[in-house]
Amino acid sequence: MTENVQNIKQPRTTPNPGRMLPQRSNNKLAVWFFLGGEVVLFTALIMTFLMFRVRYATDYETFRSYLNLPLTGLNTLILIVSSYLAVRSLQAIGRNDRRGLIYNLIGVLLLGTLFIGGQAFEWSELISRGITLSTIFGSPFFIVTGIHGTHVLIGLVWDCFIILFGLSGAFSSNESRGVEIFGLYWHFVDIVWVVLFSVIYLL
Amino acid sequence: MAQETTAPVEQQTEWQGYSIIFAILAIFTIFEVATAYLSGLPVALRTGLLVVLAIIKAVLVLLYFMRLRFDNRLFALPFAFGAVLVVPLILIIGLTTTPPIPTAAANSLSVDGNIVDVTLRSYIIDLSTDHVPSGQVTFHITNQATDMMHEFIVIKTDKPSDQLPTNEIGHVKEEAINIIDSREDIFFGTTVNMQLNLKPGHYVFICNLPEHYQAGMNVGFTVDGTPDAEATSAATAESTSEATIESTSEATSEVTATATP
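What you see is a predicted model; the values in this text were computed from it and never measured.

The number of helices and strands found in chain A is 7 helices and 0 strands. Along its sequence from the N terminus, chain A presents helices and strands in the succession α-α-α-α-α-α-α. Of all 203 residues assigned to chain A, the portion counted as buried reaches 54%. Taking as baseline every contact in chain A between residues at least 6 positions apart, the subset at least 24 positions apart corresponds to 81%. Summed over all atoms, the accessible surface of chain A reaches about 9,100 Å², with 66% contributed by carbon and sulfur.

Spelled out as structure tokens, the structure:
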């Protein structure tokens, strides 16, 4: 018994040097669990949208003619570029390049804001045509894109905090988890949009 | 206890292929948008192509931008678990999705006399015929608009359908016209029936929601026959109407109403 207690009390101070895979971070694992939940949420929303499409196929064609494909295609590109900048920000802090980190994160902020602006413009176009939350495709469209847009907005606020922390020198090549976790979230929002863009606008 | 350390960032981010991944994502996106304008592409091929491109894009972001490929594989598990959880959801939705609502022709309402199929769209009223013999007429009114409510008003008038008296905001002045019967608030995707006993003459059907009349929701209609022959039949305004309203949930309710002159 005494021997066991002694074993427990002995701290393991060094990681296993022979291990090849990166160590597991509990923070990152938590984020991945969160993203797993988000997968369920967005799949449910997308399936609901698809159900409406199957049920009212003819009406959907009319609704789709109201959608602004060139604008949304551009918006999709904007989000992909912002995702790329998020990767570059992590690369920058990996080199201890704090200036690069901040510039790339500001780029993410600007492009994310542009994306929201583009979506707001499309929403206003649709609403001016009489398509509202109470209409057959307005309802699933505004809910799905609205929930995604809310995620983008949350990401932008998060980005602001990361920029502020970056400016205060909180990140370095040894401490970059905050940037990395923000990046995971931002890329996930990008993935969701990639799928939404195909389901709503293209297919 | 698991040690909370990550591999040094330099090791994780030293891979230099992110620009290539970004370029692939951008090119795929441009190609996807371009397919919408390629009219010659078969639908099945286009759909398959778009699904494959979307999956590739999502996987590329997941593997490289989210760096699952370089990171601990354990992180993929919760994500995959979420994806597995939605399978029953997809099955439930897939199995319970019913085919489109049947049209008015499938309506179980028993009808006498002539049937006119009326289709309301934004902003047009389509009729299966523009004239019927006098007597019992049943209108199957279907709102096929994508997302808009409409109404169906039957007016007895000699004026052309687009020359009814309107007020300053484009509404037809309902007090200045002879309304035989109306169905208001016909929700999109629903079918309503109206049964009328119509005298010979010229009628106009309109939707009098704001701007709908002026946008084109008006159409003329003729009831054939000689007025004398109808003298013995019921007065025009004595229209008995029955409405069967199908909601999207397919709960069918029957509403019987007698129109007042």
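This paragraph deals with the nonpolar core. By size, the foremost hydrophobic cluster in this structure holds 75 residues, and its most contacted members are W32, F141, I200 and Y201 of chain A. At 17 residues, the largest contribution of residues to this core is made by helix α7 (residues 177-202) of chain A. Residues within four places of I200 of chain A in sequence aside, it is in contact with F49, Y60, R64, L67, F141, V144 and T145 of chain A. One finds I186, L198, M217 and F221 of chain B within the second-largest nonpolar core, a separate group that totals 23 residues.

So, about empty space enclosed by the protein. One pass over the structure, following the stated rule, counts 2 cavities of 30 Å³ or more. Space inside the largest cavity adds up to approximately 90 Å³. For the largest cavity, the lining is made up of 13 residues, of which L90, E180 and H187 of chain A together with F65 and R67 of chain B are closest to its centre. Going through the elements one at a time, α4 (69-94) and α7 of chain A are the ones with two or more residues in the lining of the largest cavity. It is α7 of chain A that provides the largest number of residues to the lining of the largest cavity, a total of 5 residues. Classifying every residue of the lining of the largest cavity gives 7 nonpolar, 2 polar and 4 charged. In this model, the second largest cavity occupies a volume close to 30 Å³. The wall of the second largest cavity is formed by L71, T72, N75, G118, Q119, E122, W193 and Y201 of chain A.

This part takes up the sheet that holds strand β4 (residues 135-143) of chain B. All names here are of chain B. With mixed pairing, 4 strands are arranged side by side in an open sheet as β2-β1-β4-β7. At either margin of the open sheet sits one strand with a lone partner, and together these are β2 (124-127) and β7 (191-198). On average, each strand axis in the sheet is inclined to that of its neighbour by 25°, with strand direction left out of account. Looking at chain direction, β4 and β7 are connected through 8 bridges and run antiparallel. Bridge pairing links F139 to M194 in β7.

A separate point is the packing of aromatic side chains. Here the structure, examined in full by the defined rule, presents 27 aromatic pairs over all chains. Ring centres of Y60 of chain A and F63 of chain A lie 5.9 Å apart, and the angle between their planes is 40°; this geometry places the pair in the tilted category. Placement of the pair is Y60 of chain A and F63 of chain A together in helix α3 (residues 57-66), with a separation of 3 residues, close to one helical turn. As far as burial versus exposure is concerned, Y60 of chain A and F63 of chain A are alike and both buried. Each member of the aromatic cluster is reached from another via a ring pair, and the members are F49, F52, Y60, F63, F115, W123, F137, F141, F142, W193, F197 and Y201 of chain A. The ring of Y203 of chain B carries K156 of chain B above its face, with NZ or CZ at 5.3 Å from the centroid.

A few words on the packing of helix α2 (residues 18-35) of chain B against helix α3 (residues 43-65) of chain B. Residues and elements named next belong to chain B. Packing of α2 against α3 leaves a shortest axis separation of 10 Å and a crossing angle of 160°. As the angle between them shows, α2 and α3 are arranged roughly antiparallel. The way α2 lies across α3 gives a crossing that is left-handed. Every residue of α3 that contacts α2 at Y18, I21, F22, I24, L25, F28, T29, F31, E32 and T35 is listed here: R46, L49, L50, L53, A54, I56, K57, L60, V61, Y64 and F65. Tallied by class, residues from the contact of α2 with α3 come to 16 nonpolar, 2 polar and 3 charged.

Residues and elements named next belong to chain A. Direction vectors running N to C along α4 and helix α5 (residues 98-128) enclose 165°, while the axes themselves pass 8 Å from each other. On the basis of their axis angle, the class for α4 and α5 is roughly antiparallel. Considering only the axes of α4 and α5, their crossing is left-handed. Residues belonging to the contact of α4 with α5 are distributed by class as follows: 15 nonpolar, 9 polar and 3 charged.

Right, let's get into unusual backbone geometry. With omega at 5°, the peptide bond leading from S122 of chain B into Y123 of chain B counts as cis. Along the chain, Y123 of chain B falls in the loop between β1 (114-121) and β2. Non-glycine residue N96 of chain A carries a positive phi angle of around 65°. For N96 of chain A, the position within the fold is in the loop between α4 and α5. With phi around 60°, R67 of chain B is a residue other than glycine that occupies positive phi space. Along the chain, R67 of chain B falls in the loop between α3 and α4 (76-96).

Quick notes on the rules
Residues numbered from 1 in each chain as written. Chains lettered and ligands numbered in written order. Predicted model: local features only at pLDDT ≥ 70, side-chain atom pairs only at ≥ 80, totals over all residues. Heavy atoms only, no water. Helix = DSSP H or I, 4+ residues; strand = E, 2+ residues; numbered from the N terminus. Buried < 20%, exposed > 50% of the residue type's maximum accessible area, 1.4 Å probe, protein only. Contact = heavy atoms within 4.5 Å. Areas by Shrake-Rupley, 256 points an atom, 1.4 Å probe, with all protein chains shown as cover. Core = buried A, V, L, I, M, F, W, Y, C linked by side-chain atoms within 4.5 Å. 1 Å grid on protein atoms, 1.4 Å probe; cavity = no way out; pocket = protein on both sides within 12 Å on 5 of 7 lines; lining within 4 Å. Points joined across faces, edges and corners; volume = space filled by probe spheres on them. Nonpolar A, V, L, I, M, F, W, Y, C, P; charged D, E, K, R; others polar. Pairing = 2+ DSSP bridges. Axes fitted to C-alpha atoms, helices over the stretch in contact; angles between N-to-C directions. Phe/Tyr/Trp six-rings, centres within 6.5 Å; stacked < 30°, edge-to-face > 60°. Lys NZ or Arg CZ within 6 Å of the ring centre and 35° of its normal. Parallel < 35°, antiparallel > 145°, perpendicular 65-115°, else oblique. Left-handed = near helix turned anticlockwise from the far one by under 90°.

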